[in-house]
Each structure stands twice: as structure tokens, then as C-alpha cells.
Amino acid sequence: MINRPLLKKLTLTLVAWTAALIMFFPVFWMLVASFKTEIDAVATPPMLVFKPTLENYAAVQQRANYINSAINSVAISMGATLLALALGIPAAYAMAFFPTRRTRSTLLWMLSTKMLPPVGVLVPIYLLFRDVGLIDTKAGLIIIYALMNLPIMVWLLYTFFKEVPRDILEAGRIDGASRRQELFYLLMPLSLPGIASTALLSIILCWNEAFWSLNLTTSDAAPLTAFISSFSAPEGLFWAKLSAASTLAIAPILLFGWMSQRQLVRGLTFGAVK
Amino acid sequence: MMTALTKTRRVNTLPLITPSVLVLFLWMVVPLVMTLWFSFQRYNLLNPSVKGFAGLENYKSLVADSALWTAMLNTLVLVASVLGVTVVLGTLLAVLFNQEFFGRPVARLLIIAPFFVMPTVSALIWKNMLLHPVNGLVAFLTRSLGLEAIDWFGNWPMTSIVMIVSWQWLPFALLILLTAIQSLDNEQIEAARMDGAGASALFFFIILPHLKRAISVVVMIETIFFLSVFAEILITTSGGPGLATTNLAFLIYIRSLLEYDVGAASAGGVIAIVLANVVAFFLVRTIARSLEEG
């Protein structure tokens, strides 16, 4: 006779893994399709045993737009993240270490800017961008994404900075460190893990953003989200190639996401759930 | 001594905070004012000769247009359905994943994966590989059960969109509710068990009340995102068939970037902003409360 705790654990294992596998299945199915030939990919009944091929990955690499879009995604995510960090770190530093009566309301106000639905301001942003020539440029998306994520980043950085022991900064001040030195040589190295995970969250959000990228780019500055959507028009059957392109597009962010689960919860709920 | 030190070094924080506040202020106010302004203008990009103050005309024609009400209803159905699915399943899965079982860390990684898949990719996976009426896996499964293959996006368009968006956001609800459950005091549960509380009593009288705030945060944050669902619709149904999956976001997109009617689109935008603000009000209040608690 099996003991009850073990039986319970086995049942839980079965149920939980069933749920996990169902949820992961679409990603898995895409991954499998990326190693099939185009004909195998659309075969009915679906092929589970097939001769794997890497030809789709080779074909994707050869498409000029793909490489261009991948570069755009990297450049835009990095650019927007750096810009937001440059704006956000000083603000979070000031609010965490020199709080005033207004600090709390400033934080909440910043947060409230995040509540503006993008569709509500699509028209003016589109027209402004058209007038200053920012449509379909990397700079345009970098600005939008930096502004879009700035509230979350200030918020996260603020919570991380508050966890830095104040004594260390005080000691630095007694030794005569200027405010700039304090920020660059004490605070930033001390809270590097926090800054890194803030940056990671920003990169994830920029990489997957699909409202502004679809509406404000056409070809030159199109990141991977927009590139992938160009496959939605049924111009022949390219499922296997699409799967390969998609797999490459989501792989880095999936890894980043898995690495930063904890900070993700904190960042996305503005610290309301820790 | 320390307070004295901080006090003697009065720091001017203005140069540090101002850049962030200023850009966010511009980012919020400029487009907002422009949207409001355009919503009272006759302004069509295709017809530059038609210009001038329109008064409430854009709003009147928008309200008279049945497309707006269809879109509002669709938005409501989409938001409510996905909220229902993600919160209920998310809570159950969070309880499940809080238990000990074999391979939990790996199962956890797998189940949260959909959240990191970009919307355009998940829309295409579902459209081409799962729900496609001829080559899709679901069509194969229903056919092997002896049933007809279902044309999901043709006959059940809203259900299909709800499935896709739920798949993407269930991991978000799970992740947050799981984090919240883990902060539950184990001694409290043990004590309740000692007193003879069964599994369902434990769930309804201890776990669920503990999750109240986390659930309301999930509901509010998801609502703000679901009000603007766009890529999934653009890629799978383009708002159709007819207007069956046109939500407010998609209607504004049609009016502005496809029909170039800036005035009408802006009036729609104002409605979207008002809707989001109702939710935002409660969200900010909840978060402010948690800020005070530290």
C-alpha cells in the first residue's frame, strides 16, 4: 500500500504537469514545426515523427528584412531602456534618499500616466510623428518606449534603492563624497542587481510591444513584432519558416523572462504584490 | 547624528527629478490635449478642405453610429471574458503550484512561458497552427472524434480571440497570485487544519480572503491592458467578420489610420481614455494604500 502523502504528491504532479504541458503546448508545437519542411508542417494528420531539418533557420537568416528587424528590435529595446534608465535613476535616487512631502504624490502621478490607453492618443502621436519625420524610425519608437516604461522603471528603482543600507551612503558622505560620486560609485554598484532586473523588465516590455510598432513602422524601423505580422497575409504556405522566425524572435525574451520572474511581479504590480 | 547630517546637507533634488517629470508630463498632456481638440474639429486627412470647429458633431455621429455600440459591447465582452478565465483559472493554478510536487520549478517555467511570447507570434500560432479550419491541430482533433472541423475565426470569432488573449495572460494572473499565496503565513494554515478545516474551507476562508488585494490588482491591471487589445485582432480577424471582433481600440484604428477621419477617431479616443480612467482611479487608490503599508 502506498502511503497517503506520496499518493497525494503523485496526483498533484500529474494534474500540475498536465496544466503546464497544455499551456506550453502551442510554443512547443511551433518549435517542432520550425524543424519540419513546409510540406510536413501542414500535413494532415499532423506529423509527430519526421526528419528534422535546419533549412528554415537558414532560409530565415537569408531574408534581409529578418536580419534588419532583429537588429531593430535589439537597438530599440536597448536604446529605450538606456534612455529610461538615464532619466529614471536620478529621479528614483532623489525620491528614495531625499523624500519630500511631494514624493508620494509624484510617484503616484507617474504611475497614472501609465494608465492612458495608447489608442486614446494614437491619432495625435501619429500626426506629430508624421510632422517631425519620426514615422518608421528607430528614434521614434525609442522615445515612445522609454516614456511608456519610465513610470514602471522609476517605481522599481525606487523600491530597490530603498533597500540599500543608508549607513553606507552616510559613511561615504562623511568621507566627503559628492552627490555625484555617491550616486555613481556607491549607490549604483550597490544596487546593480536591482538596476539589472529593472533593465531586463524594460527590455522584455519593449521587445514584445505590438501596438506602437505596428502602427508607427512600415519597413525600415520595423522590429520583430511587426516583421512577424507581415506573415499574417496568406501569401502561400510559409508555416515552417514563420515558425523558425518566431522561435528566434521569442527565444531571448523567454530566457530573460524566466530569469526575472520575481522582479516581473514587483514591476508589473507597482510593488502592490511582492 | 545622522539626521543632523542629512539636515545640514540640504540637497536640491529638483535637477534630478525634473527631467523625468517633465517628459512624462509632456507625454501625457500634449497628446491628451490634441485628442480633445481634434475631437471637436472637422478634420479628415483625405479631404483637407473640410475644416473648422465641429462642436459636438463628432460625438453625435459617433453615438448615432451603431458601430460604436457594437465596439463597446465587444470591448466589454472581451475584457469580462478574459478576466473571468484568467482570474478563476489563475487562482486555482496558483493554489496548485503552491503545493509540493515533482519537477515543480520546471513545470512553473513552462506554464508561464506564454506571457513572454510576443502578441503577433501568439496570434499567428493560434491562427495558423492550432485553429486553422483545414490544417490546424484542433480541426484534426475534432475530425478524429468524428465531428466537423470548426471554422473558429469565421463562426466563433470572439471566442477565438478570448482564447488567445486568455492563453497569453493566464500566466500573468498565476504569477502574481502565486507570489501572493506564498506570502501567506503557513502557521495560520496549520492552525486551521488542526481545527479540522477541510481543503475547501481552507480555500474559501483563508486563501481567498488573503488573495483579495492581489486579485483586485490583477483585475485592474489586466483591464487596462485588455481595453487596448489590438495586435491579436489585427492579425487574426481584422475586426471581423463584419464587426464581430471590432473592439474600441480597433474601431479607432479603422477610423484614423484606414479612413483618416481624425475628428471621429479622436472622439473615440476620448471615450477610451474616460473608460480607462475609471479603472485607473481604483487601481491608483489600491496601490497608494499598499505604498503606505510600506
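Residues numbered from 1 in each chain as written. Chains lettered and ligands numbered in written order. Predicted model: local features only at pLDDT ≥ 70, side-chain atom pairs only at ≥ 80, totals over all residues. Heavy atoms only, no water.

Peer 1: Honestly, the overall build of chain A in this entry has me stumped. Any pointers?
Peer 2: For chain A, the helix and strand inventory stands at 14 helices and zero strands. Counting from the amino terminus, helix and strand elements in chain A follow one another as α-α-α-α-α-α-α-α-α-α-α-α-α-α. For 274 residues, the compact-globule estimate of 2.2 N^0.38 gives 19 Å, and chain A exceeds it by more than 25% at 23 Å. C-alpha extents for chain A along the principal axes are approximately 75 × 70 × 35 Å. Here chain A holds 274 residues, and the buried ones make up 57% of them. A fraction of 76% describes how many contacts in chain A between residues 6 or more apart in sequence connect residues 24 or more apart. (Helix = DSSP H or I, 4+ residues; strand = E, 2+ residues; numbered from the N terminus. Rg over C-alpha atoms; globule rule 2.2 N^0.38 Å. Buried < 20%, exposed > 50% of the residue type's maximum accessible area, 1.4 Å probe, protein only. Contact = heavy atoms within 4.5 Å.)

Peer 1: Could you clarify how one ought to interpret the overall build of chain B in this entry?
Peer 2: Helix and strand content of chain B: 15 helices and zero strands. In summary, chain B has a C-alpha radius of gyration of 24 Å against a globular reference of 19 Å for 294 residues, an excess of more than 25%. Oriented by its inertia axes, the alpha-carbon framework of chain B measures out at about 80 × 75 × 30 Å. Scored against the burial criterion, the 294 residues of chain B give a buried share of 53%. Residue pairs in contact within chain B that sit at least 24 positions apart in sequence constitute 68% of those at least 6 positions apart. Where the 16 positive side-chain charges of chain B centre and where its 15 negative ones centre are 11 Å apart. (Lys, Arg positive; Asp, Glu negative; His and termini not counted. Charge placed at Lys NZ, Arg CZ, Asp CG, Glu CD.)

Peer 1: Is there a simple way to think about the layout of surface pockets in this case?
Peer 2: Unoccupied space between atoms shows up once a probe the size of one water molecule is rolled over them. Approximately 720 Å³ is the volume attributed to the largest pocket. Looking at the largest pocket, it is lined by 24 residues, and the ones nearest its centre are Lys8 of chain A together with Asn98, Gln99, Arg193 and Leu202 of chain B. Of all the secondary-structure elements, those providing two or more residues to the lining of the largest pocket are helix H1 (4-33) of chain A together with helix H4 (66-97), helix H9 (157-182), helix H10 (186-194) and helix H11 (199-210) of chain B. Broken down by element, the lining of the largest pocket gets its largest block of residues, five residues, from H11 of chain B. (1 Å grid on protein atoms, 1.4 Å probe; cavity = no way out; pocket = protein on both sides within 12 Å on 5 of 7 lines; lining within 4 Å. Points joined across faces, edges and corners; volume = space filled by probe spheres on them.)

Peer 1: Which parts of the structure should I look at to understand empty space enclosed by the protein?
Peer 2: Per the stated rule, a full pass over the model turns up nine cavities of 30 Å³ or more. Here the residues of the lining of the largest cavity are counted per class, giving 33 nonpolar, five polar and three charged. Here the second largest cavity defines a volume of roughly 100 Å³. For the second largest cavity, the full set of lining residues is Trp29, Ala33, Lys36, Asp40, Ala41, Ala43, Pro46, Met47 and Trp239 of chain A together with Met129, Asn135 and Leu137 of chain B. For the lining of the second largest cavity, the secondary structure elements donating two or more residues are H1 and helix H2 (38-41) of chain A. (Nonpolar A, V, L, I, M, F, W, Y, C, P; charged D, E, K, R; others polar.)

Peer 1: Which parts of the structure should I look at to understand the side chain of Thr198 of chain A?
Peer 2: Tracing the sequence through the fold places Thr198 of chain A in helix H10 (residues 192-208). Beyond its immediate sequence surroundings of up to four residues, Thr198 of chain A is in contact with Met153, Leu156, Leu157 and Phe160 of chain A.

Peer 1: Help me understand unusual backbone geometry, please; the structure alone is not making it clear to me.
Peer 2: It is generally the case that most residues other than glycine have a negative phi and that most peptide bonds are trans. One non-glycine residue with positive phi stands out, namely Asp136 of chain A, at about 60°. Position of Asp136 of chain A among the secondary structure elements: in the loop between helix H6 (122-131) and helix H7 (138-162). One non-glycine residue with positive phi stands out, namely Ser238 of chain B, at about 50°. Position of Ser238 of chain B relative to the elements: it lies in the loop between helix H13 (231-236) and helix H14 (248-258). Residue Ser238 of chain B is classed as partly exposed on the basis of its relative accessible area of 45%.

Peer 1: Before we go on, may I ask you to explain the interface of chain A and chain B in this structure?
Peer 2: Interface size is commonly expressed as the accessible surface area that is lost when the partners come together. Contact with chain A, which involves 103 residues of that partner, is made by 103 residues of chain B. When the two sides are added together, the surface that chain A and chain B hide from each other amounts to roughly 9,200 Å², 79% of it contributed by carbon and sulfur. On the surface where chain A and chain B come into contact, there are zero salt bridges. Remark: the boundary between chain A and chain B carries nine residue pairs in polar contact (both at pLDDT 80 or more). Looking at which element gives the most residues to the side of chain A that touches chain B, the answer is H1 of chain A, with 20 residues. Grouping the constituent residues of the side of chain A that touches chain B by class yields 74 nonpolar, 18 polar and 11 charged. (Buried area = accessible area lost by both parts, 1.4 Å probe. Salt bridge = Lys/Arg side-chain N within 4 Å of Asp/Glu carboxyl O. Polar contact = N/O pair within 3.5 Å; in protein donor to acceptor, adjacent residues only side chain to side chain.)

Peer 1: Can you walk me through the pattern of salt bridges in this structure?
Peer 2: Close approach of charged atoms lets side chains of opposite charge pair. Residue and element names in this part refer to chain B. Overall, the coordinates contain five salt bridges over all chains when judged by the stated rule. Here Asp65 makes a salt bridge to Arg255, at a shortest N to O gap of 2.8 Å. Taken together, the residues span a long stretch of sequence, with Asp65 in the loop between helix H3 (57-64) and H4 and Arg255 in helix H14 at a distance of 190 residues. A relative accessible area of 14% places Arg255 in the buried class.

Peer 1: For this particular structure, what's the right way to read the packing of H9 of chain B against helix H12 (residues 212-226) of chain B?
Peer 2: Helix-helix packing: each pair is described by the crossing angle between the helix axes and the interaxial distance. Residue and element names in this part refer to chain B. At a closest axis distance of 10 Å, the pairing of H9 and H12 adopts a crossing angle of 155°. Considered as vectors, H9 and H12 are oriented roughly antiparallel to each other. Remark: the crossing between H9 and H12 carries right-handed chirality. Each of Val165, Trp169, Phe172, Ala173, Ile176, Leu177 and Ala180 in H9 lies in contact with H12, whose residues at this interface are Ala214, Ile215, Val218, Ile221, Glu222, Phe225 and Phe226. Looking at the contact of H9 with H12 residue by residue, the class counts come to 13 nonpolar, no polar and one charged. (Axes fitted to C-alpha atoms, helices over the stretch in contact; angles between N-to-C directions. Parallel < 35°, antiparallel > 145°, perpendicular 65-115°, else oblique. Left-handed = near helix turned anticlockwise from the far one by under 90°.)

Peer 1: How do you make sense of the environment of Ile228 of chain A when you look at a structure like this?
Peer 2: The residue Ile228 of chain A is located in helix H12 (residues 224-229) in this model. In the structure, Ile228 of chain A is positioned 159 residues away from Ser69 of chain A in sequence and 9.3 Å away in space, judged by C-alpha atoms. Those residues in contact with Ile228 of chain A, other than ones at most four positions away along the chain, are Leu242, Ala245, Ser246 and Ala249 of chain A together with Met118, Thr120, Val121 and Leu124 of chain B.

Peer 1: Looking at this structure, I do not really get the packing of H1 of chain A against helix H13 (residues 239-259) of chain A. What am I missing?
Peer 2: Residue and element names in this part refer to chain A. Interhelical geometry of H1 versus H13 gives an angle of 120° and a closest axis separation of 7 Å. The angle between H1 and H13 falls in the class oblique. As H1 runs across H13, the sense of the crossing is left-handed. Residue-level inspection shows Val27, Met30, Leu31 and Ala33 of H1 in contact with H13, the latter providing Ala240, Ser243, Ser246, Thr247 and Ile250. Split by residue class, the contact of H1 with H13 holds six nonpolar, three polar and no charged.

Peer 1: Where do I start with the packing of aromatic side chains in this structure?
Peer 2: Remark: the centre distance and the inter-plane angle together describe each pair of aromatic rings, the angle taken between the planes. Tallied over the entire structure, the rule returns 25 aromatic pairs over all chains. Judged by centre distance (5.4 Å) and plane angle (40°), the ring pair of Phe35 of chain A and Tyr57 of chain A falls under tilted. In this pair, Phe35 of chain A sits in the loop between H1 and H2 while Tyr57 of chain A sits in helix H3 (residues 55-62), placing the two residues 22 residues apart along the sequence. According to the relative accessible area criterion, Tyr57 of chain A is buried, its value standing at 14%. Judged by centre distance (5.2 Å) and plane angle (80°), the ring pair of Phe211 of chain A and Trp212 of chain A falls under edge-to-face. Residue Phe211 of chain A is classed as buried on the basis of its relative accessible area, which comes to 6%. Residue class for Trp212 of chain A comes out buried when judged on its relative accessible area of 2%. Through a chain of ring-to-ring contacts, the aromatic side chains of Phe211 and Trp212 of chain A together with Trp27, Phe230, Phe250 and Tyr253 of chain B assemble into a single cluster. Here the guanidinium or amino end of Lys9 of chain A rests over the ring plane of Phe102 of chain B, the centre of that ring lying 4.5 Å away. (Phe/Tyr/Trp six-rings, centres within 6.5 Å; stacked < 30°, edge-to-face > 60°. Lys NZ or Arg CZ within 6 Å of the ring centre and 35° of its normal.)

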